[in-house]
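# Fold and geometry: a report
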Amino acid sequence: MAESPIDLYEHSIQLLQQENVSIKSIAELVYFLQKDYILDLTIEECIDNVLVVLKKREVQNAIMTGVTIDELAQAKQLPEPLQKIIETDEGLYGVDEIVALSIVNVYGSIGLTNYGYIDKIKPGILAELNAHKQGEVHTFLDDIVGAIAAAAAGRMAHSHPNDEEDIY
């Protein structure tokens, strides 16, 4: 029997939390991306938008898939050469970014540009996830978290179209 959407939503949040990724840490990335464009932006507004993004089935599926693959790699349960590729986050692998793109595409091209930017500079929780600490594998998770933040920032940009004009 298939799980209901609310079960997948809660499960996705639990998977993030078990990997030490809080909703607030993702919201801080959203804040980082949008603070210069949305006047009077609050972290609470960023949290609300992250939670809406997490309700999307595409996002839930990406979280479940990515975390599971990372866990299997961390437990050294993938066949070679895939094990080494994912374990070392090989630069030319790219499948982790493809999974992330399924998330950023939910809110259009602004999500894509936000993702490219945040994936390049890796602020906040992204730096921690990408640190490649001994025994930890977050090949998919860092991209998924960045994509969730980028999608939430894109969602906010769509809901505040005139704020950008006030800045210039």
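Just so you know, these numbers come straight off a predicted model, no measurement behind them. (Residues numbered from 1 in each chain as written. Predicted model: local features only at pLDDT ≥ 70, side-chain atom pairs only at ≥ 80, totals over all residues. Heavy atoms only, no water.)

### Overview of the overall build of the protein
- Each helix and strand in the protein was counted, giving 10 helices and 0 strands.
- Each helix and strand of the protein, ordered N terminal to C terminal, gives the series α-α-α-α-α-α-α-α-α-α.
- With the C-alpha coordinates aligned to their principal axes, the bounding extent of the protein is approximately 55 × 40 × 25 Å.
- With 168 residues in all, the protein has 43% of them scored as buried.
- For the protein, restricting intrachain contacts to residue pairs at least 6 apart in sequence, the fraction spanning at least 24 positions comes to 75%.
- When the accessible area of the protein is evaluated, it comes to approximately 8800 Å², of which 54% is carbon and sulfur surface.
- Between the mean site of the 11 positive side-chain charges and the mean site of the 28 negative ones, the protein shows a separation of 2 Å. (Helix = DSSP H or I, 4+ residues; strand = E, 2+ residues; numbered from the N terminus. Buried < 20%, exposed > 50% of the residue type's maximum accessible area, 1.4 Å probe, protein only. Contact = heavy atoms within 4.5 Å. Areas by Shrake-Rupley, 256 points an atom, 1.4 Å probe, with all protein chains shown as cover. Lys, Arg positive; Asp, Glu negative; His and termini not counted. Charge placed at Lys NZ, Arg CZ, Asp CG, Glu CD.)

### Some words on unusual backbone geometry
- With an omega of 5 degrees, the peptide bond running from Glu 80 to Pro 81 counts as cis.
- Within the secondary structure layout, Pro 81 lies in the loop between helix H4 (57-74) and helix H5 (82-87).
- In this structure, Asn 20 is a non-glycine residue whose phi angle is positive, near 65 degrees.
- With respect to the element layout, Asn 20 can be found in the loop between helix H1 (5-18) and helix H2 (23-34).
- The exposed category is assigned to Asn 20, whose relative accessible area is 66%.
- In this model, Asp 40 sits at a positive phi of 60 degrees, which is unusual for a non-glycine residue.

### Points about the side chain of Asp 70
- Note on placement: Asp 70 falls in helix H4.
- In this structure Asp 70 is buried but unpaired, with Lys 122 as the nearest side chain of opposite charge at 12 Å. (Salt bridge = Lys/Arg side-chain N within 4 Å of Asp/Glu carboxyl O.)

### Points about the packing of aromatic side chains
- A complete count under the given rule lists 2 aromatic pairs for this structure.
- On the numbers, 6.2 Å between centres and 5 degrees between planes, the contact of Phe 32 with Tyr 117 is stacked. With a gap of 85 residues between them, Phe 32 in helix H2 and Tyr 117 in helix H7 (residues 109-121) connect regions that are remote in the sequence.
- Since its relative accessible area comes to 28%, Phe 32 is described here as partly exposed.
- Pairing Tyr 93 with Phe 140 gives two aromatic rings, centres 6.1 Å apart and planes at 80 degrees, and the pair type is edge-to-face. One end of the pair, Tyr 93, is in the loop between H5 and helix H6 (95-104); the other, Phe 140, is in the loop between helix H8 (125-129) and helix H9 (141-159), with 47 residues separating them in the sequence. For the pair shown, Tyr 93 and Phe 140 are each scored as buried.
- One cation-aromatic arrangement involves Lys 55 over Tyr 9; the distance from NZ or CZ to the ring centre is 5.4 Å. (Phe/Tyr/Trp six-rings, centres within 6.5 Å; stacked < 30°, edge-to-face > 60°. Lys NZ or Arg CZ within 6 Å of the ring centre and 35° of its normal.)

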